Amino acid sequence: MNLRGAAAVVGVGQTVYYQRNTAPRSTRGLVAEALIDAARDAGIDVRQIDGFASWGDDPTEGTHMATALGVHELRWSSLAWGGGGGGQVPAILQAAAAIATGQATCVAVYRGMNQAEEGRMPYAKGHFDTQYSAHGILTPVQVCAMRTQRMLEIDKVPASTLEALALAGYHHAQSNPRAVAYGKPLDAEAYRASRMISEPLRRHDCSRENDGAGAILLMAADRAKDTRGKPAYLLGGVQGFVAGWGELTENQDPYTSNGLAPAMVERLWAQSGVTVDDVDVTQVYENFTGPAVAALIDIGLVPAGPAAGEVMTLENLTVEKGRLPMNTAGGNLADGFVHGIGVVLEAARQIRGDSPNPVPNAKVSLLLGGPMAPQVGAVLFGSEDALA
Amino acid sequence: MARQRFGLEGPSHTGHDVGHWDGLKAGELRIQRCGACAEWIWVAQPLCPSCHAFDPGWEAVEPDGVVYAWTRTWRAFHPSAEVPYTTVLVELPQAGNKRVLGLYTGADDPVIGSRVRGEFESAPDENSWPLIRWSAV
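Since the structure is predicted, the reported quantities are computational estimates derived from the model, not experimental observations.

Caption draft 1: The overall build of chain B, seen in detail. Helix and strand counts for chain B stand at one helix and eight strands. Its helices and strands taken in sequence order, chain B reads α-β-β-β-β-β-β-β-β from the N to the C terminus. Whereas a compact globule of 137 residues would reach a radius of gyration of roughly 14 Å, chain B reaches 15 Å, a difference of no more than 12%. Counting the 137 residues in chain B, one finds 45% classified as buried. If you take every contact in chain B between residues at least 6 apart in sequence, the share linking residues at least 24 apart comes to 54%. Here chain B displays about 6400 Å² of accessible surface, and carbon together with sulfur accounts for 48% of that area. Taken as two groups, the 12 positive and 17 negative side-chain charges of chain B have centres that lie 4 Å from each other.

Right, dumping it as structure tokens:
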């Protein structure tokens, strides 16, 4: 048994991404709004949702959501462990596994955040022990900065790769009215002038948290045909880590990678029946630019070392002109950051056809999940053609 | 550069790393090491991931290492932080190449691959713990 074609995304929903502490509803209320929006997109009654999956200390347990929405039955609820955004892909794969094995029929994968309710950076709480805090490492950006510094200084990946990724997100956000950076373009000069946060990462290398929620709905492929819109079929996915990674934190190896080990990448392609050359569009979780570049190197879209700079140019990352269009709604940096749900939504939208920057005839859509976290992952969505 | 502290040191709530902090009180850099199979273990664990012996022991090593990574923080993420300050990740060849975090003394950029030496700094009060400050050799 494998997950190829077993499940499909049939609905995509979200709230407005609010500036933090300005959301009009509780986290639970925000998630409910996103789930109702996703059900509307799918053309189904939201009470049909019988499974709930999230990640990263999301406070909206499936039991709470099922109660709030008055669903007919709760058959599945799960939370992917691990700090950082690394639980994002595992949450999707847990939902798909529940469907493939008949445990549930319609599973929502969602993430909501309301920092007025949960406090600042709720996804990072409890994940920085005293070995970090005693030495002034208090937030995710500093951890990602250390790895990025080594990637630049030792691996010789050019800093221009970070800039290209940031600019590409802002570029795509200019045609996404929902994006927080809509109407706020960023050019190279402004990027370079932005202040240092944690060397070598500047302000514009960093996502800024929003309050809000997003959700996708997954159903079995045979039932997906009865929903509204084009299903985005799951082609394959990998989650977790290979020995030498996990909760070893600063002792993880290889330290400058994203954690997506070669064995995991090989399994992804083998399971999905496509290769890296078949990828039409990519969404990469960039809480910070550096780890996202590492993820792109791990998956094989971008070469390691100095050659990374030749591939990662702004032009090459855009929908209009690039061979590697990525973060086509703006990504975490420019679309908005609710612990990475935005890139999940956009990965599905590219196949469903309602991306703000659609890649023409996209058949294979890659999602690279939260990087440099204790567990990581990657998922491929495809059109009906890709499944044939 | 300020020799600042964050007041956020001491054993973690699991207690797995208490041997490390006790070592600092005794003026030693102690890293976990399995008494049964001699494997170096860091981050501290309740058992040896290699041979599964419980309650691994602790071994003192010289505070000599090599810079593995670093960052200079420019934003005060803590009310008591005075920025900028520099944190280094130090690789310890004498402890199975395990890496420890520490504050770096000096205004220059640390150089990855270069040698550093740690100095023990005693706790300023009874509610605090000693720390190691690393500087270029």
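Caption draft 2: The pairing of strand β6 (residues 98–104) of chain B, seen in detail. Residues and elements named next belong to chain B. Within β6, six of the seven residues are buried, which leaves the element mostly enclosed by the surrounding structure. In this structure, strand β5 (residues 85–92) lies alongside β6, joined through seven bridges in antiparallel fashion. In the sheet register, E91 faces β6, and the bridge partner there is R99. Taking the residues that link successive antiparallel strands as the turn, the β5-β6 hairpin has five residues, and the phi of G96 there is positive, at about 65°.

Caption draft 3: Structural context of the pairing of strand β10 (residues 281–284) of chain A. All names here are of chain A. Every second residue of β10 is oriented toward a common face, with V281 and Q283 on one face and T282 and V284 on the other, all of them buried. Judged from the four bridges that link them, β10 and strand β11 (residues 364–368) form a sheet pairing that is parallel. Counted as the bridge partner of V281 is S365 from β11.

Caption draft 4: Quick look at unusual backbone geometry. Residue B:V43 is bonded to the preceding B:W42 through a cis peptide linkage, with omega at 15°. Position of B:V43 relative to the elements: it lies in the loop between β2 (40–41) and β3 (57–61). With an omega of -5°, the peptide bond running from B:V83 to B:P84 counts as cis. Even without glycine at this site, A:N21 takes up a positive phi of about 70°. By relative accessible area, A:N21 is classed as partly exposed at 44%. Backbone geometry at B:N97 places phi at a positive 60°, although glycine is not the residue there.

Caption draft 5: How the structure looks around the interface of chain A and chain B. Facing the 31 residues of chain A at the interface are 34 residues of chain B. When the two sides are added together, the surface that chain A and chain B hide from each other amounts to roughly 2900 Å², 55% of it contributed by carbon and sulfur. The partner of B:R72 in a salt bridge is A:E199, with the nearest N and O atoms 2.8 Å apart. At the level of elements, α5 (130–133), α6 (140–153) and β6 (196–198) of chain A are the ones that each hand at least two residues to the side of chain A that touches chain B. Here the element with the most residues in the side of chain A that touches chain B is α6(A); it accounts for seven residues. For the side of chain A that touches chain B, a count of residues per class yields twelve nonpolar, twelve polar and seven charged.

Caption draft 6: Main features of the sheet that holds β2(B). All names here are of chain B. Strands sit in the order β2-β1-β3 across an open sheet of three strands; the sheet is antiparallel. Looking at the sheet topology across the chains shown, the edges are occupied by β2 and β3. Each of β1 (29–33) and β3 touches helix α1 (residues 18–25); the most contacted strand, β1, lies at about 155° to it.

Caption draft 7: Local environment of the side chain of A:T282. Residue placement: A:T282 occurs in strand β10. Beyond its immediate stretch of four places on either side in the chain, A:T282 contacts A:L296, A:L301, A:P325, A:M326, A:N327, A:L366 and A:L368.

Caption draft 8: A look at the packing of aromatic side chains. One pass over the structure, following the stated rule, counts seven aromatic pairs over all chains. Note on A:F128 and A:Y132: the rings are 5.3 Å apart at their centroids and 80° apart in plane angle, and the pair reads as edge-to-face. By relative accessible area, which is 6% here, A:Y132 ends up buried. Its end group placed over the ring of B:Y68, A:R150 keeps NZ or CZ at 3.6 Å from the ring centre. The residue whose ring lies beneath B:R99 is B:Y68, and the NZ or CZ to ring-centre distance is 4.0 Å.

Caption draft 9: Summary view of the packing of helix α1 (residues 27–42) of chain A against helix α2 (residues 62–69) of chain A. Residue and element names in this part refer to chain A. Running from N to C, α1 and α2 cross one another at 65°; their axes reach a closest spacing of 10 Å. Classed by the angle they form, the pair α1 and α2 counts as roughly perpendicular. Once α1 is placed against α2, the crossing between them reads as right-handed. Seen from α1, the contacting residues are R28, V31, A32, L35 and I36; seen from α2, they are H64, M65, A68 and L69. For the contact of α1 with α2, the per-class residue count stands at seven nonpolar, one polar and one charged.

Caption draft 10: Structural view of helix α7 (residues 160–173) of chain A. Here α7(A) spans 20 Å end to end across 14 residues, near enough to the 20 Å set by a 1.5 Å rise per residue. Among the 14 residues in α7(A), twelve count as buried, and that is most of the element.

Caption draft 11: Spatial organisation of the environment of A:D129. Note that A:D129 resides in the loop between α4 (115–118) and α5. For A:D129, the side chain forms a polar contact with the main-chain nitrogen of A:Q131, separated by 2.9 Å.

Basis of the calculations
- Residues numbered from 1 in each chain as written.
- Chains lettered and ligands numbered in written order.
- Predicted model: local features only at pLDDT ≥ 70, side-chain atom pairs only at ≥ 80, totals over all residues.
- Heavy atoms only, no water.
- Helix = DSSP H or I, 4+ residues; strand = E, 2+ residues; numbered from the N terminus.
- Rg over C-alpha atoms; globule rule 2.2 N^0.38 Å.
- Buried < 20%, exposed > 50% of the residue type's maximum accessible area, 1.4 Å probe, protein only.
- Contact = heavy atoms within 4.5 Å.
- Areas by Shrake-Rupley, 256 points an atom, 1.4 Å probe, with all protein chains shown as cover.
- Lys, Arg positive; Asp, Glu negative; His and termini not counted.
- Charge placed at Lys NZ, Arg CZ, Asp CG, Glu CD.
- Pairing = 2+ DSSP bridges.
- Buried area = accessible area lost by both parts, 1.4 Å probe.
- Salt bridge = Lys/Arg side-chain N within 4 Å of Asp/Glu carboxyl O.
- Nonpolar A, V, L, I, M, F, W, Y, C, P; charged D, E, K, R; others polar.
- Axes fitted to C-alpha atoms, helices over the stretch in contact; angles between N-to-C directions.
- Phe/Tyr/Trp six-rings, centres within 6.5 Å; stacked < 30°, edge-to-face > 60°.
- Lys NZ or Arg CZ within 6 Å of the ring centre and 35° of its normal.
- Parallel < 35°, antiparallel > 145°, perpendicular 65-115°, else oblique.
- Left-handed = near helix turned anticlockwise from the far one by under 90°.
- Expected span 1.5 Å × (residues − 1).
- Polar contact = N/O pair within 3.5 Å; in protein donor to acceptor, adjacent residues only side chain to side chain.

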